[in-house]
Amino acid sequence: MIARTDFTHDPAARSWVESADGHDDFPVQNLPLGIFAPPSGKPRGGVAIGAAILDIAAIASLLPEGARDIALLAGQATLNDLLDAGHEALRALRHGLFRLLTDPASQEAVRPALHAMAQCRLHLPVRIGDYTDFYSGIHHAVNVGRLFRPDNPLLPNYKYVPIGYHGRASSVRLSGEDVIRPNGQTLPIGAQTPIFGPCKRLDHELEMAIWVGRGNALGQPIPIAEAAEHIAGLSILNDWSARDMQAWEYQPLGPFLAKSFHSSVSPWIVTMDALAPYRVPQPARPEGDPAPLPYLLDPADQQSGALNVTMEVHLSTARMRAEGQAPHRLSHGSMTAMYWTAAQLLAHHSVNGCNLAPGDLLGTGTLTGAADESRGSLLELTHGGKEPVRLSDRESRSFLEDGDEVIMTAFAEAAGFARIGFGECRARVATAPRL
Ligand code: MN
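Everything in this summary refers to the structure shown in the same document. Just so we're clear, the structure is a prediction, and the values are computed from it rather than from any experiment.

The rules behind these values
- Residues numbered from 1 in each chain as written.
- Predicted model: local features only at pLDDT ≥ 70, side-chain atom pairs only at ≥ 80, totals over all residues.
- Heavy atoms only, no water.
- Helix = DSSP H or I, 4+ residues; strand = E, 2+ residues; numbered from the N terminus.
- Rg over C-alpha atoms; globule rule 2.2 N^0.38 Å.
- Buried < 20%, exposed > 50% of the residue type's maximum accessible area, 1.4 Å probe, protein only.
- Contact = heavy atoms within 4.5 Å.
- Pairing = 2+ DSSP bridges.
- Donors = N, O, S within 2.8 Å, 3.2 Å for Na, K, Ca; no water.
- Salt bridge = Lys/Arg side-chain N within 4 Å of Asp/Glu carboxyl O.
- Axes fitted to C-alpha atoms, helices over the stretch in contact; angles between N-to-C directions.
- Parallel < 35°, antiparallel > 145°, perpendicular 65-115°, else oblique.
- Nonpolar A, V, L, I, M, F, W, Y, C, P; charged D, E, K, R; others polar.
- Expected span 1.5 Å × (residues − 1).
- Disulfide = S-S within 2.5 Å.

### Thoughts on the overall build of the chain
Looking only at helices and strands, the chain has eleven helices and 26 strands in total. For 435 residues, the compact-globule estimate of 2.2 N^0.38 gives 22 Å, and the chain sits close to it at 22 Å. Dimensions along the principal axes, computed over C-alpha positions, put the chain at roughly 70 × 55 × 40 Å. Counting across all 435 residues of the chain, residues that qualify as buried make up 56%.

### With respect to helix α10 (residues 342-350)
When you tally the buried positions in α10, you get nine out of nine residues, the bulk of the element. All of the buried residues along α10 are Ala 342, Ala 343, Gln 344, Leu 345, Leu 346, Ala 347, His 348, His 349 and Ser 350.

### Considering the environment of Leu 361
Along the chain, the position of Leu 361 falls in strand β22 (residues 361-363). We classify Leu 361 as buried; its relative accessible area is 0%. Taking C-alpha positions, Leu 361 is 9.9 Å from Gly 213, a pair spaced 148 residues apart along the chain. Setting aside chain neighbours within four positions, we find Leu 361 in contact with Ile 128, Asp 130, Tyr 131, Thr 132, Val 172, Ala 209, Ile 210, Trp 211 and Val 265.

### Topic: the sheet that holds strand β20 (residues 309-316)
The strand order across the open sheet formed by five strands is β9-β26-β25-β20-β21, and the pairing between neighbours is mixed. The outermost strands of the open sheet, each flanked by one partner alone, are β9 (179-180) and β21 (328-334). The pairing of strand β25 (residues 405-412) with strand β26 (residues 420-430) spans seven bridges and is antiparallel. The residue of β26 that forms the bridge with Thr 409 is Glu 424.

### With respect to the coordination of the manganese ion
Each pair of donors in an ideal octahedron of six around a metal sits at 90 or 180 degrees, and each pair in an ideal tetrahedron of four sits at 109.5 degrees. Around the manganese ion, the protein contributes the donor atoms Asp 133 (OD), Glu 205 (OE), Glu 207 (OE) and Asp 239 (OD), at 2.0 to 2.3 Å from the metal centre. We note that the donor set of the manganese ion lies within a single chain, spaced as D-x71-E-x1-E-x31-D. By relative accessible area, Glu 205 is classed as buried at 6%.

### Some thoughts on the pattern of salt bridges
Side chains that differ in charge, positive against negative, can pair when their charged atoms come close. In the structure shown here, the tally under the stated rule is 19 salt bridges. Of the charged contacts, one joins Lys 159 and Asp 289 as a salt bridge, the two residues approaching to 2.8 Å between their closest N and O atoms. Pair noted here: Lys 159 is in the loop between α5 (138-148) and β7 (164-166) and Asp 289 is in the loop between β18 (279-280) and α8 (299-304), with a separation of 130 residues, a long-range link. Among the ionic pairs, Asp 404 bridges to Arg 397, the shortest N-O distance being 2.7 Å. Salt bridges sharing common partners tie together Asp 203, Glu 205, Asp 239, Arg 243 and Lys 259.

### A look at the packing of helix α1 (residues 65-72) against helix α3 (residues 87-102)
In contact at an axis separation of 9 Å, α1 and α3 are set at 105° when each is read in the N-to-C sense. When the interaxial angle is binned, α1 and α3 end up roughly perpendicular. Across the interface between the two elements, Ala 67, Ile 70 and Ala 71 from α1 touch Ala 89, Ala 92 and Leu 93 from α3. Looking at side-chain class alone, the contact of α1 with α3 contains six nonpolar, no polar and no charged residues.

### Structural notes on α3
Taking 1.5 Å per residue, 16 residues should reach 22 Å; α3 reaches 22 Å between its end C-alpha atoms and fits that length. Taken together, the buried positions of α3 are occupied by Ala 89, Leu 90, Leu 93, Arg 94, His 95, Gly 96, Leu 97, Phe 98, Leu 100 and Leu 101.

### A few points about the sheet that holds strand β1 (residues 33-37)
The sheet built from five strands is open, its strands ordered β4-β3-β2-β1-β5 with antiparallel pairing. Since the sheet does not close on itself, it has two edges, and those belong to β4 (114-116) and β5 (121-123), each with one partner. The mean inter-strand angle of the sheet, taken between neighbouring strand axes irrespective of direction, is 45°. Two strands pair when backbone bridges link them, and β1 and strand β2 (residues 44-49) are joined in this way by four bridges, in the antiparallel orientation. If you follow Gly 34 over to β2, its bridge partner there is Gly 46.

### Quick notes on unusual backbone geometry
Glycine aside, residues mostly have negative phi, and peptide bonds are mostly found in the trans state. Cis geometry is found at the peptide bond from Gln 251 to Pro 252, where omega equals 5°. Looking at the secondary structure, you find Pro 252 in the loop between α7 (243-249) and β16 (263-265). In this model, His 383 sits at a positive phi of 50°, which is unusual for a non-glycine residue.

### Some details on the pairing of strand β14 (residues 231-238)
Most of β14 sits inside the fold, with eight of its eight residues counted as buried. As paired strands, strand β13 (residues 206-212) and β14 are joined by seven bridges and run antiparallel to one another. When the bridges of β14 are listed, Trp 211 appears paired with Gly 233. For β14 and strand β17 (residues 270-271), the ladder comprises two bridges, and the chain directions are antiparallel. In the strand pairing of β17, Gly 233 is matched with Thr 271. Relative to β16, β14 is paired through two bridges, and the arrangement is antiparallel. Note on β16: the bridge partner recorded for Asn 238 is Ser 264.

### Thoughts on the state of the cysteines
All told, the structure shown has zero disulfides when counted by the stated rule. Not part of a disulfide, Cys 199 finds its nearest cysteine sulfur in Cys 425, a span of 18 Å. Of the residues examined, Cys 425 reaches a relative accessible area of 1% and is grouped as buried.

As structure tokens, this is what we get:
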């Protein structure tokens with residue numbers, strides 16, 4: 001069952017938390033989940049509300065019976081057990097938290113569990129067992145394919161198989177942590193033998209992170225009609241890429257060191273319930289494209305399995321920061337650029353019996369749209385590095401330089417509903433270690 005809207009989506013709802021009403025990202029209609037540590041405390045689960053974080057387990061006794069045990073699951077250093085409780089549990093928790101944060105009579109009892117976000121340390125929301133990166137942005141697949149195969153950019157499997165590969169979970173880091181430029185092998189243009197050294201074509205990839213909620217047992221696929229129930233929520237993902245290393249190493253087994261050195265995620269899991277008002281039909285496939293095979297096709301998923309989430313990428317160089325310039329906007333696009341829905345990605349991932357676990361991370365793939373301004377990587381924005389992006393009178397970029405900071409943001413809007421946001425996914429490029 002795909003989430004429907006309810007009283008928690010009422011745009012007129014108000015919270016007694018002063019900073020919440022009209023907050024760009026975290027009004028009371030959002031209630032995203034994360035892990036935070038207050039100034040002198042251990043990491044624990046919290047919900048973002050305006051400029052504050054509510055300690056979920058600390059207010060468990062104030063919740064109705066059904067939600068109390070669920071809230072206590074959030075009293076740990078990761079949210080894996082909470083996500084494992086399933087989508088109905090997350091919904092009961094959302095309903096309980098919404099009532100506490102909107103009812104002025106609860107204020108006195110709840111307020112001691114509120115912490116100013118600016119004074120807290122945020123952590124990865126889950127212990128990530130596995131990270132899988134898909135390739136569902138069809139415009140990205142075409143743009144990148146065209147650099148290698150101008151006449152035949154899209155391989156014949158693309159419209160049948162949700163393409164993906166197994167990424168590296170150990171190097172997924174929270175927004176804010178520097179990304180260290182990787183060293184590796186690259187083959188200079190025209191050369192017969194590779195050189196070793198710092199990556200020269202470091203790039204960002206604008207993606208969304210899909211967090212797995214309740215998992216499945218080995219050998220028991222998740223049917224497409226149930227796949228939405230296994231998705232806990234979304235965050236922003238910057239899937240850093242070493243393009244020059246990738247070009248040399250990727251055949252025949254696919255991405256390896258060019259993709260495993262670092263991926264950045266934003267701290268807050270925006271739940272699928274919070275995203276219910278922004279669901280839209282999966283865009284119709286172009287005339288002549290094959291229909292998805294039956295195990296990937298569900299009418300309800302086609303009807304409302306896409307998400308109208310807007311994503312933006314900004315770049316701030318060391319020079320821009322020194323001169324007090326605002327970050328330069330590189331791109332602006334939408335999650336509707338996905339050729340496959342999130343539910344299709346889950347159903348496909350498990351169809352061979354592969355078991356998904358709570359807290360597993362699925363990347364959507366780079367979400368470039370049809371428009372030029374929505375290109376989600378520098379590889380695309382600069383046509384393979386040939387046409388640098390002009391940032392100001394004095395600076396341009398083909399690929400990222402040390403000190404560059406990439407800032408990704410995302411939000412959802414719909415007529416008749418509040419705007420909610422994901423916060424930001426930000427990281428700065430640090431110099432490669434000397435080897
Ligand atoms: Mn990727």
